Amino acid sequence: MSEAEIQQEYSILERSRKNPTAFGELYEKYFDRIFNFVFRQTDDEELTADLCSQTFLIALKNLERYEFRGVPFSAWLYKIASNEVNKHYRKQKGNKVFSIEEVRIRELIEQGNDSSDEESIQRLMNYLKELPTEMLQVLELRFFEDKDFKEIAFILDITESGAKMRTYRALDRLRKNFNLRIRYDGKE
Amino acid sequence: MGRNEIRLRRQKMSSGRIAQHRNYGQLMERHERDVKIRRITRTVIYFLIVLFLFIVFLLVKRWENNRESVEKTSVINCEIRSGCTYSGNWSRT
């Protein structure tokens, strides 16, 4: 995100503090991304719609408290959404769901020399299943949401080096098991 | 047993389908309702604080009045029984 875009968003936020209707612009801009992010962690359309609406409501309520910390405004929305999803699972006391698009999995596998047959997809799914939630969250933000480490650290409330370490560990195992050519920074 | 449940989705959610859940008007309504509730709650809390302080003030006032009347009564009793007068300190006449 360029400096000009961040500046433009900040001016929308300033206007939204005085007049909440102005927040609509940011709502329209980020709704789809937040929806997909939450849907990937719930796999339930109605629940996602509820959590998404709750996310924007909390953002609107706390606009006064928002302060720029070197990451785009969207990172703040992701952070709220992530907290709402965690809160939901804490209440439910169930296993966390990660619903991944088959297309993205195939893209990942095809980055290596393996063909993306059903067997390798299944192996990757089993591997992901065994990963701790914290690692999955980092991988999701890094490879499905294309977030940089600074944003990931902000969203998950961890240090930047912690985010890098988690990604590195998860990717190391992924490379060994699947012969993938994903680089540490997420690019092939 | 896995720690997380991983599901494979055949298709990505279409933006048209996501758009069905997008409703800024409804969000604004909820926000305004929340703001109203927060304002009412704050007013009620302020009112309760003022009421509490007022009751404390009344209780202190009443306690002071009671103390004064007890003191007056004891002065009168003392004067009647032993002829004491109070003019800054007790002295027998």
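Residues numbered from 1 in each chain as written. Chains lettered and ligands numbered in written order. Predicted model: local features only at pLDDT ≥ 70, side-chain atom pairs only at ≥ 80, totals over all residues. Heavy atoms only, no water.

**So, the environment of B:Thr73**
Selection criterion: A helix here means a DSSP run of H or I that spans at least four residues, while a strand means a run of E at least two residues long, and both kinds are numbered starting from the N terminus. Relative accessible area decides the class of each residue, using a 1.4 Å probe on protein chains only: under 20% of the type maximum gives buried, over 50% gives exposed, and in between gives partly exposed.
For B:Thr73, the location among the structural elements is in helix 2 (residues 24-82). The class for B:Thr73 is partly exposed, based on a relative accessible area of 43%.

**Focus on the packing of helix 7 (residues 133-144) of chain A against helix 9 (residues 160-178) of chain A**
A packed helix pair is summarised by two numbers, namely the angle formed by the two axes and the spacing between the axes. Residue and element names in this part refer to chain A. For clarity, the cut-off: Axes here mean lines fitted to C-alpha atoms, for a helix over just the part in contact, with angles spanning 0 to 180 degrees between N-to-C directions. Working rule for angles: under 35 degrees goes down as roughly parallel, over 145 as roughly antiparallel, 65 to 115 as roughly perpendicular, anything else as oblique. Contacts are residue-level and defined by heavy atoms, with any inter-residue pair within 4.5 Å sufficient. Gly falls in the polar group here, along with every residue not listed as nonpolar (Ala, Val, Leu, Ile, Met, Phe, Trp, Tyr, Cys, Pro) or charged (Asp, Glu, Lys, Arg).
Remark: helix 7 packs on helix 9, axes separated minimally by 9 Å, with the N-to-C direction vectors making an angle of 95°. On the basis of the axis angle, helix 7 is roughly perpendicular to helix 9. Side by side, helix 7 and helix 9 meet where Glu 134, Met 135, Val 138, Leu 139, Arg 142 and Phe 143 of the first sit next to Ala 163, Arg 166, Thr 167, Arg 169, Ala 170 and Leu 171 of the second. The class makeup of the residues in the contact of helix 7 with helix 9 is seven nonpolar, one polar and four charged.

**Considering the confidence of the model for chain B**
The line we're drawing: Residue-level confidence of the predictor is summarised by pLDDT, bounded by 0 at the bottom and 100 at the top.
The predicted model of chain B has a mean per-residue pLDDT of 84, with 85% of residues at 70 or higher. If you check the scores for this complex, the pTM reads 0.78 and the ipTM reads 0.75.

**Topic: the interface of chain A and chain B**
So the rule is basically this: Accessible-area loss on putting two parts together, using a 1.4 Å probe and summing over both, is the definition of buried area adopted here. Basic side-chain nitrogens of Lys or Arg form a salt bridge, by our definition, when they fall within 4 Å of a carboxyl oxygen of Asp or Glu.
Every contact between the two is made by 41 residues of chain A and, on the other side, 25 residues of chain B. Around 3500 Å² of area is buried between chain A and chain B when both sides are counted, 55% of it from carbon and sulfur atoms. Applying the counting criterion to the chain A and chain B interface returns six salt bridges. For A:Glu102, the salt bridge goes to B:Arg10, with nearest N and O atoms at 2.3 Å.

**Re the pattern of salt bridges**
Oppositely charged side chains can form a pair if their charged atoms are brought close together. All names here are of chain A. Tallying each qualifying case throughout the model produces 17 salt bridges over all chains. A salt bridge links Glu 9 to Lys 29, with the shortest nitrogen-to-oxygen separation between them at 3.1 Å. Of this pair, Glu 9 sits in helix 1 (residues 3-18) while Lys 29 sits in helix 2 (residues 24-42), and the two are 20 residues apart along the sequence. Taking the relative accessible area as the measure of exposure, Lys 29 reaches 37% and is therefore partly exposed.

**Let's talk about the environment of A:Arg104**
All names here are of chain A. Relative to the helices and strands, Arg 104 is located in helix 5 (residues 102-111). Separated by 39 residues in the primary sequence, Arg 104 and Phe 143 have C-alpha atoms spaced 9.0 Å apart. Other than its neighbours up to four places away in sequence, Arg 104 contacts Phe 143 and Phe 144.

**Description of a positive patch on the surface**
Our working rule: Patch building starts from residues that exceed 30% relative accessible area and form no salt bridge, then joins like charges within 9 Å and nonpolar side chains (Val, Leu, Ile, Met, Phe, Trp, Tyr) within 5 Å. Computed by Shrake-Rupley with a 1.4 Å probe, the accessible areas treat only the displayed protein chains as cover when residues are assessed. For the purpose of charge, His is not counted, nor are the chain termini; Lys and Arg are scored as positive and Asp and Glu as negative. By convention, the charge on Lys lies at NZ, on Arg at CZ, on Asp at CG and on Glu at CD.
Residues A:Lys61, A:Arg65, B:Lys36, B:Arg38, B:Arg39 and B:Arg42 make up a contiguous surface patch of positive charge. The element best represented in the positive patch is helix 2 of chain B, accounting for four residues. Along the chain, the position of A:Arg65 falls in the loop between helix 3 (45-61) and helix 4 (73-92). The class for A:Arg65 is exposed, based on a relative accessible area of 66%.

**Observations concerning the environment of B:Phe54**
Residues and elements named next belong to chain B. Relative to the helices and strands, Phe 54 resides in helix 2. Given a relative accessible area of 48%, Phe 54 falls into the partly exposed group. C-alpha separation for the pair Phe 54 and Arg 81, spaced 27 residues apart in sequence, amounts to 41 Å.

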